[in-house]
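Given next are the chains, with one letter for each unit.
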Amino acid sequence: MTRPDPRTARLRRHTARLGRHPVPLGRRSVATLLLTSFVGVTAFGWPLLAATDSALVGHAKDAPWLFALLLPLLLAVVIAQISEGRAAGGGAPGLDAKAVALLGVLAAAGAALRPLGAGTAGLEPMFFLMVLAGRVLGPGFGFVLGSLSMFASALLTGGVGPWLPFQMLAMGWVCLGAGLLPGAAGLRGRRELALLAVYGATAAILYGTIMNLQGWPYIAGLASSISFVPGDPVSANLVRFAVYCLTTSLGWDLPRAVLTVTLCLTLGTPVLRALRRATRRAAFAAPVEFNPPERTP
């Protein structure tokens, strides 16, 4: 009975891991993602806790500071994935040159897709690509991809403003959630497409809701039933916020959700195959070994 080649066994184990996510998410990555999300939730929600006599003038003053903090945190996520990928992946780096190249290509594709529908009833075709890429490549990779795609699209369309860091955080969360969906290793076919379509619709609506929270407290001239009242209980302001979303932005969020569902169901299969084929050919999970040169007789 012949003994199996240990290198072949290791490659099979890494290939099995690739079926889950080719870029692993370890403890350092989880810690940096939690820290980044905590900063984001604080940035979005602090106006709800503002006192009655506070001067709410918008995010023009705090957005540059948030942006300056967000970039190092994104870099920290990348560094954490690189540093602990060897431990999490059993010998393969979490983010190597090939993964960074794929990250750049997907971010450029997402940035190019966004202007195709931006400004037209909320239609944004980049959402379906972000959801599918996050599904295939994992939550850590997805968070960085979503943030970079939004940043690149803002540079491409001239949409740089106080809202940009909030858009980067919100899109990062969309991709992160796609990477956390169940069944990454075995769920395929129509059931996977249905799961991604439902998540895509939910994420599209939640994205609009979160971005409403970024600007709603600073909009003046609204009716008292939907305007933000500094110093009021959070529960009362949240009720007004829900009414505000239903009466103002839902007409934009629903078309975005419908388009995301349509693209996931119609283009999901070939895009998922292409992404998974790219990760296999890039061999993120292949163990790196250095063999001594053979001696010539």
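Since this is a predicted model, take the numbers as computed values, not measurements.

### Description of the overall build of the protein chain
Within the protein chain, the secondary structure is distributed over nine helices and zero strands. When the elements of the protein chain are put in sequence order from the N terminus, they spell out α-α-α-α-α-α-α-α-α. Residues counted as buried form 47% of the 297 residues belonging to the protein chain. Sequence separation of at least 24 residues holds for 81% of the intrachain contacts in the protein chain that already meet a minimum separation of 6. When the accessible area of the protein chain is evaluated, it comes to approximately 15000 Å², of which 68% is carbon and sulfur surface.

### A look at a nonpolar patch on the surface
On the surface, a cluster of nonpolar side chains totalling about 270 Å² of accessible area is made up of L49, V234 and L238. As for its placement among the helices and strands, L49 is situated in the loop between α2 (27-45) and α3 (63-89). Under the relative-accessibility criterion, L49 is labelled exposed at 67%.

### Here we look at helix α4 (residues 97-113)
Taking 1.5 Å of rise per residue, the 17 residues of α4 would be expected to cover 24 Å, and the 24 Å separating its terminal C-alpha atoms lies within 8% of that figure. Turning to α4, its buried residues are A99, L102, L103, L106, A107, G110 and A111. The buried residues of α4 occupy an angular sector of 170 degrees when projected down its axis, which confines them to one face. When the buried face of α4 is taken as reference, the exposed residues oriented beyond 90 degrees from it are A97 and V105.

### Quick look at the packing of aromatic side chains
Within the structure shown, the criterion is met by six aromatic pairs. Centre to centre, the rings of W216 and Y244 are 6.3 Å apart; their planes meet at 35 degrees, and the pair counts as tilted. Remark: Y244 occurs in helix α9 (residues 234-282) and W216 occurs in the loop between α8 (190-215) and α9; sequence separation between them is 28 residues. Y244 gets classed as buried once you look at its relative accessible area, which sits at 9%.

### Structural notes on the packing of helix α5 (residues 126-137) against helix α6 (residues 139-157)
Here α5 crosses α6 at 155 degrees, and the two axes come no closer than 7 Å. Regarding the angle of α5 to α6, the classification is roughly antiparallel. As for how α5 packs across α6, the hand of that crossing is right-handed. Across from M126, M130, A133, G134 and L137 in α5, the residues of α6 making contact are P139, F141, G142, L145, G146, S149 and M150. Looking at side-chain class alone, the contact of α5 with α6 contains eight nonpolar, four polar and no charged residues.

### Focus: the pattern of salt bridges
Applying the stated criterion across every chain yields a total of five salt bridges. R256 is paired through a salt bridge with E124; the nearest N and O atoms lie 3.1 Å apart. Of this pair, R256 sits in helix α9 while E124 sits in the loop between α4 and α5; the two residues are 132 residues apart in sequence, bridging distant segments of the chain. As far as the burial class goes, R256 and E124 line up, both buried. When salt bridges with common partners are traced through the structure, they connect R114, E124, D253 and R256 into a single cluster.

### A closer look at the environment of G177
The topology assignment puts G177 in helix α7 (residues 164-179). On the accessibility criterion, G177 (17% relative accessible area) is buried. Taking the C-alpha atoms as reference points, G177 and A203, separated by 26 residues in sequence, lie 8.4 Å from one another.

### A few points about the environment of F44
Residue position: F44 is located in helix α2. Residue classification places F44 among the buried residues on the basis of a relative accessible area of 3%. Spatially, the C-alpha atom of F44 lies 9.8 Å from that of L169, the residues being 125 residues apart in sequence. Aside from chain neighbours lying at most four places away, what touches F44 is F166, L169, W173, I210, M211, L213 and Q214.

### Some points on the confidence of the model for the protein chain
Per-residue confidence for the protein chain gives a mean pLDDT of 77, with 72% of residues at or over 70. This model gives residues 7-19 a pLDDT under 50, and the stretch forms 19 contacts once residues within four places in sequence are excluded. Confidence over residues 86-93 falls short of pLDDT 50; this stretch has 18 contacts with residues more than four positions distant or in other chains.

### Brief notes about the side chain of T260
Inspection of the secondary structure puts T260 in helix α9. Residues in contact with T260, not counting those within four places in the same chain, are F127, F128, G200 and A204.

### A few points about α7
End to end, α7 covers 23 Å across 16 residues, agreeing with the expected 22 Å (1.5 Å per residue, within 8%). Taking burial as the measure, the 16 residues of α7 include 16 buried ones, the bulk of the element.

About the criteria used
- Residues numbered from 1 in each chain as written.
- Predicted model: local features only at pLDDT ≥ 70, side-chain atom pairs only at ≥ 80, totals over all residues.
- Heavy atoms only, no water.
- Helix = DSSP H or I, 4+ residues; strand = E, 2+ residues; numbered from the N terminus.
- Buried < 20%, exposed > 50% of the residue type's maximum accessible area, 1.4 Å probe, protein only.
- Contact = heavy atoms within 4.5 Å.
- Areas by Shrake-Rupley, 256 points an atom, 1.4 Å probe, with all protein chains shown as cover.
- Patch = residues over 30% accessible without salt bridge, like charges linked within 9 Å, V, L, I, M, F, W, Y side chains within 5 Å.
- Salt bridge = Lys/Arg side-chain N within 4 Å of Asp/Glu carboxyl O.
- Expected span 1.5 Å × (residues − 1).
- Arc of directions from axis to C-beta.
- Phe/Tyr/Trp six-rings, centres within 6.5 Å; stacked < 30°, edge-to-face > 60°.
- Axes fitted to C-alpha atoms, helices over the stretch in contact; angles between N-to-C directions.
- Parallel < 35°, antiparallel > 145°, perpendicular 65-115°, else oblique.
- Left-handed = near helix turned anticlockwise from the far one by under 90°.
- Nonpolar A, V, L, I, M, F, W, Y, C, P; charged D, E, K, R; others polar.
- pLDDT = per-residue confidence, 0-100.

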